[in-house]
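Letter by letter, the chains look like this.
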Amino acid sequence: MRVVTTAQPLDVQPTPLALLLLGREADPKSERGVECPGDLPAPSDPDLVARARAAKEKLGDKVFVLGHHYQRDEVIEFADVTGDSFKLARDAAARPDAEYIVFCGVHFMAESADILTGDDQQVILPDLAAGCSMADMATAEQVAECWDVLTEAGIAEQVVPVSYMNSSADIKAFTGKHGGTICTSSNAKRALDWAFEQGEKVLFLPDQHLGRNTAVRDMGMSLDDCVVFNPHKPNGGLTVEQLRNAKMILWRGHCSVHGRFSLDSVNDVRARIPDVNVLVHPECKHEVVAAADYVGSTEYIIKALEAAPRGSKWAIGTELNLVRRLANRFAAEDKEIVFLDKTVCFCSTMNRIDLPHLVWALESLAAGKVVNRIEVDKETESFAKLALERMLSLP
């Protein structure tokens with residue numbers, strides 16, 4: 001074997017993608033906005049809490065702050081209401097007198113709030129870079145190309161799109177335009193029941209795991225009834241026969257947090273903690289959901305722990321901020337609550353909303369300056385709202 005060595009450094013230039021991943025470059029097209037137009041308070045500022053309180057007090061009833069369950073504790077402290085994405089969007093719509101809706105969540109959530117609130121209300125996202133990797137896995141162009149593939153296969157007329165709430169306004173609009181509906185992790189079965197009354201097949205966007213788990217676990221379908229459409233492969237990586245035989249056409253998307261949990265995680269926690277109850281979110285992989293004792297949305301998880309008996313033990317498969325908050329909340333009731341996986345797993349994009357960004361947004365509004373407004377164009381809003389209204393009318 002011949003070994004070649006050199007004393008000279010290799011002439012390798014880092015690509016723009018490599019520099020982006022290293023944090024040395026920015027991509028304005030993929031990052032909706034990282035910098036704030038103004039001075040962002042330093043995280044070390046000891047007056048941040050006092051500044052947030054003062055700005056919020058000055059704004060009074062003009063501002064309504066929403067905090068998603070996965071947000072940091074320092075942000076949740078200033079939320080008027082907390083909840084999952086759809087609950088918060090509905091809470092915003094129920095406050096028509098609030099001039100400003102400050103959404104401490106991610107981009108698609110703020111879009112949904114803008115769609116459901118009045119034209120005179122303004123939705124603010126404290127950091128425009130707070131996106132969602134799952135939502136970004138399905139673009140309008142990719143989904144339009146998918147629909148062309150379904151049309152060429154002669155099955156588009158049989159297909160009803162069902163899109164998860166965790167999707168962009170463009171995808172919600174596509175869904176509304178093509179006769180489909182939106183779903184949440186708690187009403188996915190109802191949405192799919194409705195969809196199969198309208199057509200023979202479902203195109204489920206963008207989370208393959210929620211679609212598969214609902215179809216197989218809750219509706220009695222088989223794994224063979226499901227195929228995965230990969231937008232990065234010709235024809236989604238599927239044959240015409242596969243598309244025609246499938247009942248569920250699942251988009252190749254997933255949650256970067258829930259996708260980390262594995263069957264090994266479940267087996268390991270059962271070995272470490274006797275009599276533990278494993279409770280996971282339906283965005284987890286199918287084998288994880290199948291091995292769990294309980295499966296449900298973030299709201300379901302919270303209610304399950306509220307109703308749990310004293311002294312019970314729980315391993316939770318969802319975002320760490322929520323798990324840690326629940327562990328602290330129920331410690332006094334002697335409920336042992338642990339994170340399902342040994343690896344710390346925050347939602348990195350949710351965590352972009354921190355106290356400095358919230359202070360900056362609130363102080364800007366208090367000074368009469370609207371920043372980081374999320375505004376969905378009227379045509380997109382019209383079709384997206386149609387899809388959302390179909391969900392709201394589900395039995």
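Remember, predicted model here, so these are calculated numbers, not experimental data.

Mapped onto the fold, Glu381 is located in helix H16 (residues 378–392). According to the relative accessible area criterion, Glu381 is buried, its value standing at 12%.

Okay, the sheet that holds strand E3 (residues 100–104) next. The sheet built from 5 strands is open, its strands ordered E2-E1-E3-E4-E14 with mixed pairing. The outermost strands of the open sheet, each flanked by one partner alone, are strand E2 (81–83) and strand E14 (373–374). Two elements, strand E1 (residues 63–68) and E3, share 5 bridges in a ladder whose sense is parallel. What sits directly across from Val65, in E3, is Val102.

Judged by nonpolar contacts, the single largest core of 108 residues is most densely connected at Val102, Phe204, Met248, Val280 and Ile337. Among the elements that line this core, the one with the most residues is helix H15 (residues 355–366), at 8 residues. Among residues more than four places away in sequence, those in contact with Phe204 are Val162, Cys183, Leu192, Leu210, Gly211, Met248, Ile249, Leu250 and Trp251. With 21 residues, the next largest nonpolar core counts Cys146, Val159, Leu205 and Ala246 among its residues.

Looking down a regular strand, the side chains alternate between one sheet face and the other. Counting buried positions over the 6 residues of strand E5 (residues 159–164) gives 6, a clear majority of the element. Judged by which residues are buried, E5 turns out to be covered on both faces: Val159, Pro161 and Ser163 on one side and Val160, Val162 and Tyr164 on the other are all buried. Looking at chain direction, E5 and strand E7 (residues 201–205) are connected through 5 bridges and run parallel. Directly across from Val162, in E7, lies its bridge partner Phe204.

Cut-offs applied
- Residue indices follow the written sequence of each chain, beginning from 1 at its first position.
- Given that this is a predicted model, residues contribute local features only at a pLDDT of at least 70 and side-chain atom pairs are listed and counted only at 80 or more, while totals for whole chains, interfaces and linings are drawn from all residues.
- Side-chain metrics rest on all non-hydrogen atoms present in the structure, leaving aside hydrogens and water.
- A run of H or I in DSSP becomes a helix once it reaches four residues, and a run of E becomes a strand once it reaches two; helices and strands are each numbered from the N terminus.
- Accessibility here uses a 1.4 Å probe with only protein chains present; expressed as a share of the type maximum, an area under 20% marks a residue as buried, one over 50% as exposed, and anything in between as partly exposed.
- Strand pairing requires that DSSP identify at least two bridges connecting the strands.
- The criterion is simple. A nonpolar core is a set of buried Ala, Val, Leu, Ile, Met, Phe, Trp, Tyr and Cys residues joined through side-chain atoms within 4.5 Å.
- Residue contacts follow a heavy-atom distance rule, with two residues in contact if any of their heavy atoms lie within 4.5 Å.

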